[in-house]
2 protein chains.
Amino acid sequence: MGAVLSNVVRPATISEVAALAGVSTGTASKALNGRGSLRAETRLRVQQAADQLGFIANAAARGLQTGRTYTVGMITTDSIGRFSIPLMIGAEDALGAGQVSVLLCDARDDSIREQYYLRTLLSRKVDGIIVTGRRTQARPPIAAGLPVPVVYAFISSSNPADCSVVPDEADGARRAVRHLLAIGRRRIAHVTGPEHHHSARVRAAATAETLAAHDLDLATPTLHGEWSEAWGRQAAGILLSTGTGLGAPIDAVFCGSDQIARGVAEALREAGRSIPGDVALVGFDNWDVMVEASRPQLTSVDMDLEGIGRTAAELLLAAINGEPIAGQRALPCRLVPRASTEVAGH
Amino acid sequence: MGAVLSNVVRPATISEVAALAGVSTGTASKALNGRGSLRAETRLRVQQAADQLGFIANAAARGLQTGRTYTVGMITTDSIGRFSIPLMIGAEDALGAGQVSVLLCDARDDSIREQYYLRTLLSRKVDGIIVTGRRTQARPPIAAGLPVPVVYAFISSSNPADCSVVPDEADGARRAVRHLLAIGRRRIAHVTGPEHHHSARVRAAATAETLAAHDLDLATPTLHGEWSEAWGRQAAGILLSTGTGLGAPIDAVFCGSDQIARGVAEALREAGRSIPGDVALVGFDNWDVMVEASRPQLTSVDMDLEGIGRTAAELLLAAINGEPIAGQRALPCRLVPRASTEVAGH
DNA sequence: AAAGTCGCGGAAAACGATTGCCTTGAAGTT
DNA sequence: AACTTCAAGGCAATCGTTTTCCGCGACTTT
């Protein structure tokens, strides 16, 4: 097949293949798709003719006839960013395995663009649609009564009947806290993103609850700020000053993002605190660039975005095949331990 | 349009629109596409019928007839990563403006997958193909004699007749060096990635040449290592120890990446050197996460990947329209000055 | 009043595949 | 010998558009 691909100028059609093989187009179609009842010799002859001409079936013509395009649309509501990529990779992976192609649409948080893209996807008769985007909170459904199934990935639809796949962030926070408890820390602080941000709230709440379940309190009230290293540094300063004031100093910080954690790490380091000796540190996102460049490397919570993308794609494929998939799924997180929480004797 | 979109179950066809408007399908087609000669009243009637039914033309059927699909394929040879994203955004931007959709293919550095994707793109009758990927060196052409135009973005084809759009990395290095010279630095070091990496070599060569053009030498031989912060820290150590040995210490470091630069910044800082007071620092990539989190914020060279993606897409559109576009284009870089090279009195 | 224009819109042939139905010839049955 | 049965493959409709060509009336034009 590949051999001839390189010589193609005007791609061959199935009737040319049929002519070369000395059969009708219908027969050629059956031969190439393994349908109908044909002699083995005939199938072979058609196959050879197709190879010789470098024949590649026209997907549009096939789709027109069969009603399936083996294409799905992927709409990223915010611009394609750090979070969308693993999602896309996961989805592309699962879809590619099912011979399904992906039409990429970057709606950039603009609902006009979104509706425009929705229209073109519908016009292209995609078999289904995946909607992704940064997760601040549930978003309104992209449309009602669409002729194709829709799955929301990472972001969730505000209609609980829609199919959404999201990370279980509370689970992630619980894992982080339990890990800190397991290595013997008791005076734990939480530094995270802005209070109005859904993820920050959910993670903070789960953090407090998990501590409470162990008869503990946060060492200081949750510190809310930006999702940035600068805020991490600043927050560390606050922790250092208050921590020395009353009782024992904090012995662990769970951060709402790796960037915050890295900022905290730097500030603690510069203040002469050892990590994890004096203070253990856990981040969130497991963003390679951050966790690996931190000193020491950061223990972090991984939301498995790629898995979310893959799951969303698999659900979409199931829906396309008629299986019911309504409802929301929250996928567990994974804690990736690194040096920032390593116990001494280990 | 949107109003009815939400009620669609089985999408309407043009013949249903035509029936509702009381015209033939041919006339309906002309009315909706502004062709033929029709009374204004007829056009309006058809348009209203289409709106009422929520009609969206079937792209497959149209493509079958017209031979154009308004779709291009985008193959990322390495996995979708940090560099691909701005490229994709730029390309998607330029293409979307031309009403062209993007089929995303992640070939993951696997030539089998690449050929498979090429086949499906051909089968889908894309109007053109963009090939992107991390740039280590020129890559072999994806195929010869394809029935559609191909543009390589960021990565370049080893066949000089193919159309490639790449950053002019030498230009970037020159800008960095000239900037350092302009703020009065003379003892400049260069810390960059592995010697076998094309980008590292090109940037290093341009750095040396630019200094030579000003009758200067590198303060120390170029330091090659990994593209990592850790290497940056290590290299800074080397610079500090050699720099104090002979003559005046270095007063600037130009780094082959922002990550390296950040590592250098940290190490210098910890060694008590002030940036830019004692040593000015320039990075490469202008990667927001790195340049903004560095202390001080990093001056960096921006390759304008988004512009490269956009240019590639525009060239592809031109090629699709029959204009000749062969050959390689190197786009200039841009220097983004920040605190790490700020002159005192400024 | 006959002939040439023109504006409008219909009919039907594409585009390239798939698929249900039909024909054909040969083999097996009685 | 006449019948059924079955495998093999052809025929033609079909998917939903676009587009070319053509017809038909109404209007000039002399």
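Every chain's residues receive numbers from 1 upward, in the order its sequence appears when written. The naming scheme follows written order: chains are lettered A onward, ligands numbered 1 onward. This being a predicted model, a pLDDT of at least 70 is required before a residue's local features are given, and a value of 80 or more before pairs of side-chain atoms are given or counted; all residues contribute to the totals for chains, interfaces and linings.

**Looking at the overall build of chain A**
Okay, so step 1: The helix count covers DSSP runs of H or I at least four residues long, the strand count covers runs of E at least two residues long, and both are numbered beginning at the N terminus. Looking only at helices and strands, chain A has 13 helices and 12 strands in total.
Okay, so step 2: With the C-alpha coordinates of chain A rotated into their principal frame, the extents come out at 90 × 45 × 30 Å.
Okay, so step 3: Remark: C-beta atoms are placed from the backbone, and a residue is labelled buried if 20 or more other C-beta atoms sit within 10 Å of its own, exposed if 12 or fewer do, or partly exposed between those counts. Going through the 346 residues of chain A one by one, you find that 48% of them count as buried.
Okay, so step 4: We call two residues in contact when the distance between their C-beta atoms, placed using the backbone, is within 7 Å. The contacts in chain A between residues at least 6 apart in sequence include a share of 71% that link residues at least 24 apart.

**Quick look at the protein's contact with DNA strand D**
Okay, so step 1: Around DNA strand D sit 30 residues in total, of which A:Gly26, A:Thr27, B:Ile14, B:Gly26 and B:Ser29 are the nearest.
Okay, so step 2: By residue number, the principal contributor to the surface near DNA strand D is helix 3 (residues 25–33) of chain B, which donates 6 residues.
Okay, so step 3: Charged residues are taken to be Asp, Glu, Lys and Arg, nonpolar residues to be Ala, Val, Leu, Ile, Met, Phe, Trp, Tyr, Cys and Pro, and polar residues to be all remaining types, Gly included. A class-by-class count of the residues in the surface near DNA strand D yields 8 nonpolar, 18 polar and 4 charged. Only the C-beta atom matters for this test: placed from the backbone, it must lie within 6 Å of a molecule or strand for the residue to be near it.

**Describing the confidence of the model for chain A**
Okay, so step 1: Residues at a pLDDT of 70 or more form 95% of chain A, whose mean pLDDT is 91.
Okay, so step 2: On a range of 0 to 100, pLDDT expresses the predictor's confidence in each residue. Segment residues 1–8 of chain A: pLDDT under 50, and 15 contacts once partners within four positions in sequence are set aside and those in other chains are kept.

**A word on the relation of the copies chain A and chain B**
One copy of the chain maps onto the other through a rotation about an axis plus a displacement along that axis.
Okay, so step 1: Least-squares superposition aligns the copies on the C-alpha atoms of those residues with pLDDT at or above 70 in both. For the pair chain A and chain B, the superposition axis carries a translation of 0.1 Å, the fit reaches an RMSD of 0.1 Å, and the rotation angle comes to 180°. Here the transformation between the copies is reduced to the relation of a two-fold axis.
Okay, so step 2: The share of interface residues of chain A whose copies in chain B are also at the interface is 100%, consistent with both copies meeting through the same surface.

**A short note on the interface of chain A and chain B**
Okay, so step 1: Counting residues at the interface gives 42 residues for chain A and 42 residues for chain B.
Okay, so step 2: Elements with a contribution of two residues or more to the side of chain A that touches chain B: helix 1 (2–5), helix 5 (59–66), helix 6 (84–97), strand 2 (101–106), helix 7 (111–123) and helix 12 (288–293) of chain A.
Okay, so step 3: The residue makeup of the side of chain A that touches chain B, split by class, is 23 nonpolar, 12 polar and 7 charged.
Okay, so step 4: Sheet topology places strand 2 of chain A next to strand 2 (residues 101–106) of chain B; 3 bridges connect them, and they run antiparallel. Its bridge partner being in strand 2 of chain B, A:Val102 is matched across the sheet by B:Leu104. Between any two strands, pairing holds if DSSP finds at least two bridges.

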